[in-house]
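Here's the letter readout for the chains.
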Amino acid sequence: MSDQSEYPSESMSGQDNGLRPLSNADDLSLGNPSNSDLSRIMSRAGIQLANGFPIDDDEDEDEVDEDYAAVDQDDDANDFPYWFRRPPSHNRTKLDELHPFVQLLSASNVEDCVKVEEAFPEQERCSHDKFIYRLTRCPELSLGLFTLPLLAEGETKPRPTLIGHIIATRTSEPLVTDRSMRLPANWKNERWTVEDGQPVGHEEGGSTIAIHSLAVDPVHQGKQVGSTLMKAYIHRIREAQIAERIAIIVHDHLIPFYESFGFESHGPSKCQFGGGGWVDMILEFGPEPLEE
């Protein structure tokens, strides 16, 4: 319950309330603006006069920017339309319909990767054992693009479907080599393997990320799955600052695709994996720009 005695009533308005009246209020007048004042005000407002009347510029009214839409106001005080930019129309793509997301892969995704890898000719596919090795030894260098359909309320969430993947290892070489692609014979018992004085397979201290597979399920090719996956992968590696470059071997017809991401061709590769005929490509990250 509030104490009303704390608040003055209207009947107390005649008493001194501590406010000083404006002694010359009755003497104030706004006066009439001069012609020079009107000219200055209208000039600032962008209004032109012709014989004392606003000019109607018909040409300006006819030239309407198609990127804008006129919306008439009901308020009589506004005799002109407001203009709002039309929101850009977004045409849903085939990729949008997949509701895709990317995440790291693990050894639990081996069977999914084997299925996606069928996009390649048999002699160029990563083997089941190599998937186990790479997704066990260096899963942080992998990335998968999954699709998960939208569910109605109450439906059981299905297992996401892998439709594209990138599998990679580290190497101390600036290019992908046959040694970096090999499966060490005793990898389960050795942290790293050296054969004939040369490292084989994944090198934990390597400064080059060697991509061994960028594969997309044939059913979903042509839907920007591969380009979306590569963009996400490059961004992740660059932001993490864990390597100096990314290297890959490709066939001639795919050179423009990788050049669009910043890779540069370094000529024919010495790799003989899958019968050879590869081209070396490298994406150098270079030094980070200094912040101003």
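Residues numbered from 1 in each chain as written. Predicted model: local features only at pLDDT ≥ 70, side-chain atom pairs only at ≥ 80, totals over all residues. Heavy atoms only, no water.

By the naming in an unreviewed UniProt entry, the chain is N-acetyltransferase domain-containing protein, taken from Penicillium hordei.

A.B. asks: Please give an account of helix α6 (residues 225-240) that cites residues and values.
C.D. replies: Since there are 3.6 residues in each turn of an α-helix, residues three or four apart along the chain are aligned in direction. Counted at 1.5 Å a residue, the expected span for α6 with its 16 residues is 22 Å, and the 23 Å between its end C-alpha atoms agrees. Among the residues trailing α6, Q241 stands out with phi positive, at a value near 55°. (Helix = DSSP H or I, 4+ residues; strand = E, 2+ residues; numbered from the N terminus. Expected span 1.5 Å × (residues − 1).)

A.B. asks: Run through the sheet that holds strand β6 (residues 143-147), naming residues and quoting values.
C.D. replies: The strand order across the open sheet built from seven strands is β5-β6-β7-β10-β11-β13-β12, with neighbouring strands paired in mixed fashion. Edge positions in the open sheet fall to β5 (100-103) and β12 (264-268), since each of these has one partner strand only. Each neighbouring strand pair of the sheet contributes to a mean axis angle of 25°, computed without reference to strand direction. Sheet analysis places β5 next to β6, joined by four bridges and oriented antiparallel. Within the sheet, the bridge partner assigned to P100 lies in β6 and is T147. Helix α4 (residues 128-137) contacts β7 (161-171) and β10 (208-216) of the sheet and is inclined by roughly 70° relative to β7. (Pairing = 2+ DSSP bridges. Axes fitted to C-alpha atoms, helices over the stretch in contact; angles between N-to-C directions. Contact = heavy atoms within 4.5 Å.)

A.B. asks: Got a sec to walk through the nonpolar core? Specific residues and values, please.
C.D. replies: One recurring pattern in soluble globular proteins: nonpolar side chains tend to sit buried together. M230, Y233, I246 and F263 are the most contacted members of the largest nonpolar core, which has 31 residues in total. Of all elements in the fold, only β6, β7, β10, α6, β11 (245-250), α7 (255-259) and β13 (279-284) reach the threshold of two or more residues within this core. The element contributing the most residues to this core is α6, with six residues. Not counting residues within four places of it along the chain, the set of residues in contact with M230 comprises I166, I211, L214, Y258, F261 and F263. Judged by nonpolar contacts, the second largest core, of 11 residues, contains L105, V116, C126 and A215. (Core = buried A, V, L, I, M, F, W, Y, C linked by side-chain atoms within 4.5 Å. Buried < 20%, exposed > 50% of the residue type's maximum accessible area, 1.4 Å probe, protein only.)

A.B. asks: Please provide a residue-by-residue account of the pairing of β13, values included.
C.D. replies: Where burial is concerned, most of β13 is hidden: five out of the six residues are buried. Where β11 and β13 come together, six bridges link them in antiparallel fashion. For I249, the partnering residue across the bridge sits in β13 and is D280. Where β12 meets β13, three bridges bridge the pair, whose relative direction is antiparallel. Within β13, the residue paired with S265 across the bridge is M281.

A.B. asks: Describe the pattern of salt bridges, naming the residues involved and giving the relevant values.
C.D. replies: Evaluated as defined, the whole model comprises six salt bridges. With its nearest N and O atoms 3.0 Å apart, the salt bridge here joins D112 to R159. Placement of the pair is D112 in helix α3 (residues 110-116) and R159 in the loop between β6 and β7, with a sequence separation of 47 residues. The exposure class of D112 is buried, given its relative accessible area of 18%. Taking relative accessible area as the criterion, R159 reaches 54% and is therefore assigned exposed. Linking E204 and R191 is a salt bridge whose minimum nitrogen-to-oxygen distance equals 3.2 Å. Taken together, the residues E204 in the loop between β9 (198-200) and β10 and R191 in the loop between α5 (178-181) and β8 (193-195) connect sequence positions 13 residues apart. On the basis of relative accessibility, which here comes to 39%, the residue E204 falls in the partly exposed class. On the basis of relative accessible area, R191 is assigned to the exposed category, the value being 54%. (Salt bridge = Lys/Arg side-chain N within 4 Å of Asp/Glu carboxyl O.)

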